[in-house]
Structures are given as structure tokens and as C-alpha cells.
Amino acid sequence: MSDKKIITDSNIEIKQVYCEPVQMTEKPGEFPFTRGVHAAMYRNKLWTMRQYAGFSTAEESNKRYHYLLNQGVMGLSVAFDLPTQIGYDSDHEMAEGEVGKVGVAIDSLEDMEILFKGIKLEDISTSMTINATGFILLSLYIALAKKQGADIKKISGTIQNDILKEYAARGTYIYPPAPSMRIITDIFEYCSKEVPKWNTISISGYHIREAGSNAVQELAFTLANGKAYLKAAIEKGLDINVFAQRLSFFFNAHNDIFEEVAKFRAARRMWARITQELGATDPKAQMLRFHTQTGGSTLTAQQPKNNIVRVSLQALSAVLGGTQSLHTNGYDEALSLPTEEAATIALRTQQIIAFESGATNTVDPLAGSFYVEQLTNEVEAAAWKLIEKIDVMGGAVKAIEQGFIQEEIARSAYKYNKDIETGDKIIVGVNKFASKETEVTPVFKIDDSIRVVQSEKLKALRAKRDAAKAAQCLQAIKEKATTTENLMPAVIDAVENLCTLGEIADTLRGVWGEYKG
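Being a predicted model, the structure only gives us computed values, none of them experimental.

Draft legend 1. Seen up close, the overall build of the chain. When its secondary structure is counted, the chain shows 20 helices and 11 strands. Here the chain has a C-alpha radius of gyration of 23 Å; the compact-globule value for 517 residues is 24 Å, and the two agree. For the chain, the spread of C-alpha atoms along the three principal axes comes to 80 × 60 × 45 Å. Here the chain, with 517 residues, has 57% of them falling under the buried criterion. Taking all contacts inside the chain whose residues are at least 6 apart in sequence as the whole, residues at least 24 apart take part in 78%. Looking at the chain as shown, the accessible area adds up to about 21200 Å², and 51% of this sits on carbon and sulfur atoms. Separation of charge centres in the chain, based on 58 positive and 65 negative side chains, amounts to 3 Å.

Structure, rendered in C-alpha cells:
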């Protein structure tokens, strides 16, 4: 027997051999859903293959969407630029240098129309990675669907809308926690009545992991945030058996296949128990459904084609773990936005796993493995310990305000990077097996002139719209923000009357102020 000690990034010791007998009594599709949320899983329906895309102007992003749809994607996933994410129009001084860079610039309903030109919203599922301004982008999407003549009760998709992880890990927040939580519960309430097929929040562990957490921390902090959203909605008087059916999750997939599979299986089991404890009795309200994206922080600028292998392993872990939708990163994303070639290879990776690997032939194919079952239990136990600490502090919001979650993530990130520097953790092509780069990888760059284009559009829009009506709409939002009345109808009315994203965000800044951290 070897005496070598192997410990995962989550500080779980891996034994040389696992021999404990495993009793498998739980069936897929049954509480607590460890083995999957559907009895037949991918035998009946594959996961939704999404490719996260958005850059430059709405016109350019629309071309990429049509390309991806023609290549076989089953749902769109929209990336927004930083000004859009933090509530600034493209002509605002704070937007300089960032317009169209990390996503598409969306300032108004006119931009939204161009973004989805030739795409019927009733026929496609759309995921939008947007948080602080998620309510505005959802309003724009609903307004466009109505303009297309769609039945908004039939449109489907997801907005990320997870502000707690922004305070803890990512930073694209605008308002203080209390009004931010109010916006989120307003969305829950509005959509449960008016847009019932829309997933109103994607509770995100992805960015927590990207900030440096390990797998256990990603799981614990994500579920603690989810618990906070459940409680906020219940306090607003919403029925958990209704609104919890439209909650979804967004997890990261890293390189340790078995720990990632264990994390996904443990997540379903833990969420089922959390929802049950808070009063959910409908199985659909107890199910944890999730989207996965492969690990952006694992991609290397050195030997970038190695990333194709990393992404393949990560995507396989998501499928073996039972994901409902999946985005695979382009191999060049440590260098730039993905080129069309990189995006196509990333999509083909999913298609090869789906149709050639055999991973979809049976439900939960790693179930019963001594190793995977024990690892699932250990990941769950470690995550519960962290959640219990957060509960003692008064929940996720209090834990964030006290800096607990941020400090835990920072400590984990420091250890991970230190291990790479010392060589205790090997990254192929970086701290071992390095080689002199001879091949130049083409990169995809965005021109700064995009801001001029967007600014001209805004100037023309403001000149042609009914200025008095727009001002009236913004005043209505301001007044409703000081009451408990649902904000969504007023925001939808505003975007339909060509109020801009920045104007709506600024109106609420005037009422609630900005959160400084």
C-alpha cells in the first residue's frame, strides 16, 4: 500500500482504495434527486447545448447567434458588456473603453430588436447573464416578445439575476442589498403570474468558483444564497411551491472529474432538503435544475490548444453529473473573445459527448461506484458545515456583510495559486511540460469605435421618441420604488416607450443610492 497522501483542492483526502458496500435504493427522478431530476434523463432528452456569445454591437452578435443556431445550438446565451451590466448607457463617461468589449452593448429596445433579428423568441430558449440590471433586460425581452406578437406566457429562458454572488465574488452590483433583493422578489412575483415558463434566477456558483473558491465552497455558498432567496420570497408572501419551480442554478465544471460529479449529485440532494425544510411539498419545487459552464479560470494562455482537452473533461463531468444545459468554453478564451473556429470546436465537443461517448445511454452512470458515492457524501458533509456557519451568522446576506464568504474565497484562491507556484499542483504547459510557443493563436478583438456607433444610435433614439412620455415613465418608476408595489410593469412600460437602460438604472440610483462595499 502506498503511503502517499492525496488531498483535493477542497481538502478532502482521497483513499487509495474504496471498498465500502453501497446500497442503491434511490431512483432517478425521485426525492432527493441525487441521481438526477428526471427518471430517464438524457435517454429522453439531451441537455440544452448553449454557447455563451455576445460582443460589439447587437448587429454583430446577431450574426454570431445565427451562425451558432445553424451549427446546432439548442438555446442562446447572451453576454453583455460591462456598461450594460452596471447600468450605464454607452455614451456615459463611465462606459468609455468598455463598450462591446466583454459582451454586447444593449442600451434600448431598438438594440434588443437588432440582437434578435430573424429569431422568434417564442421558438428559442434564451439565457441572459445579467444581474444588477437583470430586471431591465428581462423587461426589454418581454417588450420585444410582445412586439413580435408572441404569447409571453410561452416564452422561455433564464436571467441570472443573482445579486448576492456579485457582492461576494464578482462586483457588478449597483444598489444596496435590501433594494436589490426587493427587485429580485418583484421579478419572482411578476413572472410567476405573467411569464410562467421563465426561470427567474440562476443562482450562480460559477463566479464564486472563478473568484478562487474550491468545489465545496462553491456548493455551500451557492446553496446558502439560494436559501436566502427562498426566505426573501416567502417573506414577501409568495408560495414556495410555485416560485421555487422557476429557480435554476449555474455551476462551474473544473478538471477533477470525480469531485465535480460528486458536487453536482450532492447539490441536488442538499437543495431538495433545504426546500423541504422551508415548506416545499411539490417535487418540482424541490428539484435543483442547473446550467453548467466549463471553468474559464482553468484555461491557459500557454499552449492554448491544451484547453480543448480541459474543456472536454469538464463537459464530461457536467454530463455525468446530470446537468440540464451546458456551455463549453472556446480554447482561445484566455487570450480573447472566442473566434468562430473556437466556438465551433467547443460546440462539437458537446455533440461528440452526446452522440459518440456513450455517457448518455444510462442514467447516473457513475452511481454505485464506491469512490463516487463516498465522495458525494464527503462533499455534502463539508458543504453542510459551511452552511451551518452561515446560518449562525444570520444567513448569506449577513455573512457577505461580515466578509466571511469573501475571506473564505480569498484564502482558497491564495492556496491554489501558491500550490501552482511551488509545483505542488501541476498545470500542464504552465509549470510543467512547458515549451517555447511557435504557433500564433489568432485573437478576436473589438474596436473602440463601437462606442461612437452606440452613442449615435442613442442620440437618434432620444431625438425621435416622445420625450414627455419617457419622462413620465421614469417618474412612475421613481414613485413605485418608494412603495412596495411591483416594479416590473412600470419598467416594461418605460422600455416600450424607449427609455434607455442607463436612464432607468439612474432613476433608481437616485432613490436607493449605490452600494460601495
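Draft legend 2. Region of the structure containing the nonpolar core. Counting 138 residues, the largest nonpolar core has Met-112, Phe-116, Met-128 and Ile-504 as its most contacted members. When residues of this core are assigned to their parent elements, the largest contribution, 11 residues, is made by helix α8 (residues 215-235).

Draft legend 3. Molecular detail of a nonpolar patch on the surface. Together, Ile-426, Val-428 and Phe-433 line one region of the surface with nonpolar side chains, adding up to about 290 Å² of accessible area. The exposure class assigned to Val-428 is partly exposed, which follows from its relative accessible area of 38%.

Draft legend 4. Expanded view of the pattern of salt bridges. With the rule as written, the count across this model stands at 33 salt bridges. The closest approach of N and O atoms between Lys-165 and Glu-166, which form a salt bridge, is 2.8 Å. For the pair shown, Lys-165 and Glu-166 are each scored as buried. Across the salt bridge formed by Lys-263 and Glu-218, the nearest N and O atoms sit 2.8 Å from each other. Pair noted here: Lys-263 is in helix α10 (residues 257-277) and Glu-218 is in helix α8, with a separation of 45 residues, a long-range link. Each member of the pair, Lys-263 as well as Glu-218, is classed as buried. When salt bridges with common partners are traced through the structure, they connect Asp-89, Asp-91, Arg-462, Arg-465 and Glu-503 into a single cluster.

Draft legend 5. Region of the structure containing the layout of surface pockets. Size it by volume and the second largest pocket reaches roughly 1400 Å³. Going through the elements one at a time, β1 (6-7), α7 (206-210), α8, α10, α12 (306-320), α14 (370-393) and α16 (404-422) are the ones with two or more residues in the lining of the second largest pocket. With 9 residues, the top contributor of residues to the lining of the second largest pocket is α16. For the lining of the second largest pocket, the per-class residue count stands at 18 nonpolar, 15 polar and 12 charged.

Draft legend 6. Representation of the environment of Lys-464 within the structure. Summarising the element assignment, Lys-464 is placed in helix α17 (residues 450-464). Look at Lys-464 and you get exposed, because its relative accessible area is 57%. Between the C-alpha atoms of Lys-464 and Leu-498, which are 34 residues apart in sequence, the distance is 9.5 Å. Setting aside its immediate chain neighbours within four residues, Lys-464 contacts Glu-110 and Leu-498. Polar contacts involving the side chain of Lys-464 include one to the side chain of Glu-110, which spans 2.4 Å.

Draft legend 7. Molecular detail of the packing of α14 against α16. Interhelical geometry of α14 versus α16 gives an angle of 150 degrees and a closest axis separation of 11 Å. By the angle between their axes, α14 is roughly antiparallel relative to α16. Here α14 contributes Leu-386, Lys-389, Ile-390 and Met-393 to the contact with α16, which in turn contributes Phe-404, Ile-405 and Glu-408. Across the contact of α14 with α16, the residue classes tally to 5 nonpolar, no polar and 2 charged.

What counts and what doesn't
- Residues numbered from 1 in each chain as written.
- Predicted model: local features only at pLDDT ≥ 70, side-chain atom pairs only at ≥ 80, totals over all residues.
- Heavy atoms only, no water.
- Helix = DSSP H or I, 4+ residues; strand = E, 2+ residues; numbered from the N terminus.
- Rg over C-alpha atoms; globule rule 2.2 N^0.38 Å.
- Buried < 20%, exposed > 50% of the residue type's maximum accessible area, 1.4 Å probe, protein only.
- Contact = heavy atoms within 4.5 Å.
- Areas by Shrake-Rupley, 256 points an atom, 1.4 Å probe, with all protein chains shown as cover.
- Lys, Arg positive; Asp, Glu negative; His and termini not counted.
- Charge placed at Lys NZ, Arg CZ, Asp CG, Glu CD.
- Core = buried A, V, L, I, M, F, W, Y, C linked by side-chain atoms within 4.5 Å.
- Patch = residues over 30% accessible without salt bridge, like charges linked within 9 Å, V, L, I, M, F, W, Y side chains within 5 Å.
- Salt bridge = Lys/Arg side-chain N within 4 Å of Asp/Glu carboxyl O.
- 1 Å grid on protein atoms, 1.4 Å probe; cavity = no way out; pocket = protein on both sides within 12 Å on 5 of 7 lines; lining within 4 Å.
- Points joined across faces, edges and corners; volume = space filled by probe spheres on them.
- Nonpolar A, V, L, I, M, F, W, Y, C, P; charged D, E, K, R; others polar.
- Polar contact = N/O pair within 3.5 Å; in protein donor to acceptor, adjacent residues only side chain to side chain.
- Axes fitted to C-alpha atoms, helices over the stretch in contact; angles between N-to-C directions.
- Parallel < 35°, antiparallel > 145°, perpendicular 65-115°, else oblique.

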